[in-house]
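Survey of secondary and tertiary structure
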Amino acid sequence: MENLNFRRHRRLRRTAAMRGLVRETELTPAHLIYPIFVQAGLSGRTPIEAMPGQFRLGLDAVAEEARTVSRLGIGGMLLFGLPEAKDEVGSGAWAADGIVQEATRRLKEAAPGLVVIGDVCLCEYTSHGHCGVLRADGSVDNDGTLPLLAETSVSLAEAGCDVIAPSDMMDGRVAVIRAALDGAGLGETVLLSYSAKFASAFYGPFREAADSAPAFGDRRGYQMDPANARMALDEALTDVGEGADMVMVKPALPYLDVLRSVREAVDVPVAAYNVSGEYSMLMAAAERGWIDGDRAVDETLTAIRRAGADIVITYHAKDWAQRQ
Ligand code: PBG
């Protein structure tokens, strides 16, 4: 056994300090965005059954949540709303006193330094649960939806959202929203586009949390086919061309290859959304003792960063940050 000339890779793994020196990927609370659900008419918080550890918040619970998230050093919050009432066109989305508009004002007052992101989509506000307005035949009307998304974006930005994040997957929305924001004197508002958003089974728990499941059909006519990676690049490049400041890949774990190639194709920051189903799956296995939950979360979030995400949107944000 003398003079064996093989590479000794284990040398760099011998101690914690050595591993720390050669670690390639960094994960800090500042890289994370914590999504919350705010419900009109609710006071306090109620647990979301399909997402253990997550809650719907009443307006009265929002300020405290913002202070907690801010104290933990988490970069920002992403807001979803459950309105008092829904209608055919989703008018609750752009109401000046809408649930997310009100929540934004309270968040900004409680934690002015936090980045507040408004999700722009109609599905939580329409009676039929689709992400846009419908034609007579029940199909989603792309161009008829665009002005409503623009109005929603302006309304959220006026309420104080730092970032507008359209998740509807209508074509042309980034250009129309950018023009509307600029036209309203909101040129500093950042646009984060859900560029490569796949029609995914992993949104299941979210639809319970946000009460946004489509009443009929599915979203495959506007969200992407999980089989397509080149098309995701095309989507991301289109959005950058239309003026997106940042782009997103969603979900994260089943699409790390897409995340990597989007990262290589664009120079703007890239976000990845570790969605509700990814969260619930891990929590369920951890609850049963089948995996070590804390370690699985560390590994998951690190892997999403390693694949190329600058920003990770995750329901684990608070718990993970608390453990650091
Ligand atoms: C709204 C929207 C959805 C999610 C974010 N924005 C649901 C959907 O498209 O059905 C999913 C987020 C998650 O699952 O955590 N369109």
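One structure accompanies this document, and this report is about it.

The rules behind each value
Throughout this description, residue numbers start from 1 for each chain and increase along the sequence as written. With pLDDT at 70 or above as the cut-off, local features in this predicted model cover only qualifying residues; side-chain atom pairs require 80 or more to be listed or tallied, and sums for whole chains, interfaces and linings still use all residues. Based on all heavy atoms of the structure, the side-chain values leave hydrogens and waters out of the count. Throughout, near means a residue has at least one heavy atom within 4 Å of the molecule or strand. Side-chain atoms alone can form a polar contact between residues adjacent in sequence; in general such a contact is a pair of N or O atoms within 3.5 Å, and within protein one must be able to donate a hydrogen while the other accepts it. Put simply, two rings from Phe, Tyr or Trp (the six-membered ring, in Trp's case) pair if the centres are within 6.5 Å, and we call them stacked under 30 degrees between planes, edge-to-face over 60, tilted for the rest. Criterion for a charge above a ring: Arg CZ or Lys NZ at most 6 Å from the ring centre, at most 35 degrees from the ring normal. A pairing counts as a salt bridge when a side-chain nitrogen of Lys or Arg comes within 4 Å of a carboxyl oxygen of Asp or Glu. Numbering of helices and strands runs from the N terminus, with a helix taken as a DSSP run of H or I at least four residues long and a strand as a DSSP run of E at least two residues long. Only protein chains enter the accessibility calculation, which uses a 1.4 Å probe. A residue is then buried if its area is under 20% of the maximum for its type, exposed if over 50%, and partly exposed in between. The patches reported here contain residues having more than 30% relative accessible area and no salt bridge. Joining distances are 9 Å for like charges and 5 Å for nonpolar side chains (Val, Leu, Ile, Met, Phe, Trp, Tyr). Methods summary: accessible areas were calculated by the Shrake-Rupley approach with a probe of 1.4 Å, and residue burial reflects only the protein chains presented. What a helix is expected to span follows from its residue count: subtract one and scale by 1.5 Å. In this analysis, axes come from line fits to C-alpha atoms, helices being fitted only over the stretch in contact, and the angle between any two N-to-C directions falls in the range 0 to 180 degrees. Only heavy atoms matter for contacts: two residues are in contact if any of them lie within 4.5 Å across the pair. Gly is placed with the polar residues, together with every amino acid not listed as nonpolar (Ala, Val, Leu, Ile, Met, Phe, Trp, Tyr, Cys and Pro) or charged (Asp, Glu, Lys and Arg). To form a nonpolar core, buried Ala, Val, Leu, Ile, Met, Phe, Trp, Tyr and Cys residues must be joined to one another through side-chain atoms within 4.5 Å. A pair of strands is considered paired only if DSSP assigns at least 2 bridges between the two.

Brief notes about the site of the ligand
In the neighbourhood of the ligand, 19 residues make up the surrounding shell, with Lys197, Arg207, Lys250, Ser276 and Tyr315 lying closest. Within the contact set of the ligand, an oxygen atom lies 2.8 Å away from a side-chain nitrogen or oxygen of Gln223.

Notes on the packing of aromatic side chains
A ring pair, where both rings are aromatic, is described by two values, the distance of the centres and the angle of the planes. Tallying each qualifying case throughout the model produces 8 aromatic pairs. Positioned above the aromatic ring of Tyr273 is the side chain of Lys250, whose terminal nitrogen or guanidinium carbon lies 4.9 Å from the ring centre.

Some words on the pattern of salt bridges
Throughout the structure, instances matching the rule amount to 13 salt bridges. Between Glu65 and Lys318 there is a salt bridge; the shortest N-O distance is 2.9 Å. Of this pair, Glu65 sits in helix H2 (residues 62-71) while Lys318 sits in helix H11 (residues 317-323), and the two are 253 residues apart along the sequence. The burial state of Glu65 is the same as that of Lys318; both residues are buried. Each of Arg45, Glu65 and Lys318 takes part in one network of salt bridges that share partners.

Some remarks on a nonpolar patch on the surface
A surface patch of nonpolar side chains, about 300 Å² in accessible area, is lined by Leu12, Leu21 and Val22. For Val22, the position within the fold is in helix H1 (residues 16-22). The exposure class of Val22 is partly exposed, given its relative accessible area of 40%.

Quick word on helix H4 (residues 142-159)
Taking 1.5 Å per residue, 18 residues should reach 26 Å; H4 reaches 26 Å between its end C-alpha atoms and fits that length. Taken across its 18 residues, H4 has 13 buried, putting it largely inside the fold. Structurally, the start of H4 carries an N-cap: the backbone nitrogen of Asp143 is 3.4 Å from a side-chain oxygen of Asp141. Phi for Gly160, located one or two positions after H4, is positive at around 125°.

Topic: unusual backbone geometry
Between Lys250 and the following residue, Pro251, the backbone shows a cis peptide bond with an omega angle of -10°. Along the chain, Pro251 turns up in the loop between strand S8 (246-250) and helix H8 (256-265). Here Met169, not a glycine, exhibits a phi torsion of approximately 70°, which is positive. Of note, Met169 is situated in the loop between strand S6 (163-166) and helix H5 (173-183). The backbone phi angle of Asp211 is positive, close to 50°, even though this residue is not glycine. Examined against the element boundaries, Asp211 turns out to sit in the loop between helix H6 (204-210) and helix H7 (230-242).

Digging into the packing of H8 against helix H10 (residues 293-307)
Running from amino to carboxyl end, H8 crosses H10 at an angle of 35°, the nearest separation of the two axes being 8 Å. Residues Leu256, Leu259 and Arg260 of H8 form the contact with H10, whose participating residues are Ala303, Ile304, Arg306 and Ala307. Of the residues that constitute the contact of H8 with H10, the class distribution is 5 nonpolar, no polar and 2 charged.

So, the environment of Glu158
Take Glu158: it is sitting in helix H4. With a relative accessible area of 58%, Glu158 lands in the exposed category.

Topic: the nonpolar core
With 78 residues, the main nonpolar core has Ile74, Met77, Ile164, Leu259, Val262 and Ile304 as its most contacted residues. Element by element, the count of residues in this core is highest for H4, at 6 residues. If sequence neighbours within four positions are ignored, Ile74 has contacts with Pro29, Leu32, Ile33, Tyr34, Val69, Leu114, Ala317, Lys318 and Ala321.

Details of the pairing of strand S1 (residues 32-39)
On a regular strand, one side chain projects to one face of the sheet and the next to the other, so that they alternate. Along S1, 8 of the 8 residues are buried, which leaves the element largely enclosed by surrounding structure. Covered by surrounding structure in S1 are Leu32, Tyr34, Ile36 and Val38 together with Ile33, Pro35, Phe37 and Gln39, the residues of both alternating faces. Inspection of the sheet shows S1 paired to strand S4 (residues 76-82) by 7 bridges, in the parallel sense. For Phe37, the partnering residue across the bridge sits in S4 and is Phe80. Summarising the sheet, S1 and strand S3 (residues 55-57) pair through 2 bridges and their orientation is parallel.

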